[in-house]
Amino acid sequence: MSMLAVVKYARREGLLLSIDRYSDEEGPAASTRMSDLEEVNTDDNIEIVMLCADSEQTMAITHGKYFSDKAMRNIRAQQAPLNSQLN
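Residues numbered from 1 in each chain as written. Predicted model: local features only at pLDDT ≥ 70, side-chain atom pairs only at ≥ 80, totals over all residues. Heavy atoms only, no water.

Another point: the overall build of the protein chain. Tallying secondary structure elements over the protein chain gives 4 helices and 3 strands in all. The helix and strand sequence of the protein chain, counted from the amino end, reads β-β-α-β-α-α-α. By residue count, 37% of the 87 residues in the protein chain fall in the buried class. Expressed as a percentage of contacts within the protein chain between residues at least 6 apart in sequence, the contacts between residues at least 24 apart total 55%. (Helix = DSSP H or I, 4+ residues; strand = E, 2+ residues; numbered from the N terminus. Buried < 20%, exposed > 50% of the residue type's maximum accessible area, 1.4 Å probe, protein only. Contact = heavy atoms within 4.5 Å.)

Structure below.
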């Protein structure tokens, strides 16, 4: 079983703007999400891709720029609990 990820990435900044994770069975939903993001994107700096691998760890190896510490900083900040952002 593998997983899919739809990634929105700012090239110049080297930052991951969003990542949506899907199972194999959710492939059509992943394709729709990618199409929706591409449809409204007018910025050449923004890269939208769909990745497929057996795990996110494998994606990090094969597509490292999307999963580097710098790239993931933005996502980690979005996922941090509110109280830890205040300290």
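This part covers the sheet that holds strand 2 (residues 15–23). If you walk across this open sheet you meet the 3 strands as 2-1-3, and the pairing is antiparallel. Strand pairing shows two members of the sheet lacking a second neighbour, strand 2 and strand 3 (46–53), which therefore form its edges. Taken over all neighbouring pairs, the strand axes of this sheet differ in orientation by 15° on average, direction set aside. With 8 bridges joining them, strand 1 (residues 3–10) and strand 3 adopt antiparallel strand pairing. Paired with L4 across the bridge in strand 3 is C52. (Pairing = 2+ DSSP bridges. Axes fitted to C-alpha atoms, helices over the stretch in contact; angles between N-to-C directions.)

Inspection of the sheet shows strand 1 paired to strand 2 by 8 bridges, in the antiparallel sense. When the sheet's bridge partners are listed, L4 is paired in strand 2 with Y22. Two successive antiparallel strands, strand 1 and strand 2, enclose a turn made up of 4 residues, where G14 displays a positive phi of approximately 65°.

Moving on, we get to the nonpolar core. Ranked by internal contacts, the top residues of the largest apolar core, which has 15 residues, are V7, L16, I19, L51, M59, Y66 and F67. If you list the elements that add at least two residues to this core, you get strand 1, strand 2, strand 3 and helix 3 (69–79). Beyond its immediate stretch of four places on either side in the chain, F67 contacts I19, L51, E56, M59, A60 and M72. Core analysis: the next-biggest nonpolar cluster, separate from the first, contains 9 residues, Y22, M34, I46 and I48 among them. (Core = buried A, V, L, I, M, F, W, Y, C linked by side-chain atoms within 4.5 Å.)

To describe a pair of aromatic rings, you give the distance between the ring centres and the angle between the ring planes. Here the structure, examined in full by the defined rule, presents 1 aromatic pair. Aromatic side chains Y9 and Y66 sit 5.1 Å apart centroid to centroid with 90° between the ring planes, which places their arrangement in the edge-to-face category. Of this pair, Y9 sits in strand 1 while Y66 sits in the loop between helix 2 (56–62) and helix 3, and the two are 57 residues apart along the sequence. Just as Y9 is buried, Y66 falls in that class too. (Phe/Tyr/Trp six-rings, centres within 6.5 Å; stacked < 30°, edge-to-face > 60°.)

Everything listed here is a matter of coordinates, which is why it stays silent on function.
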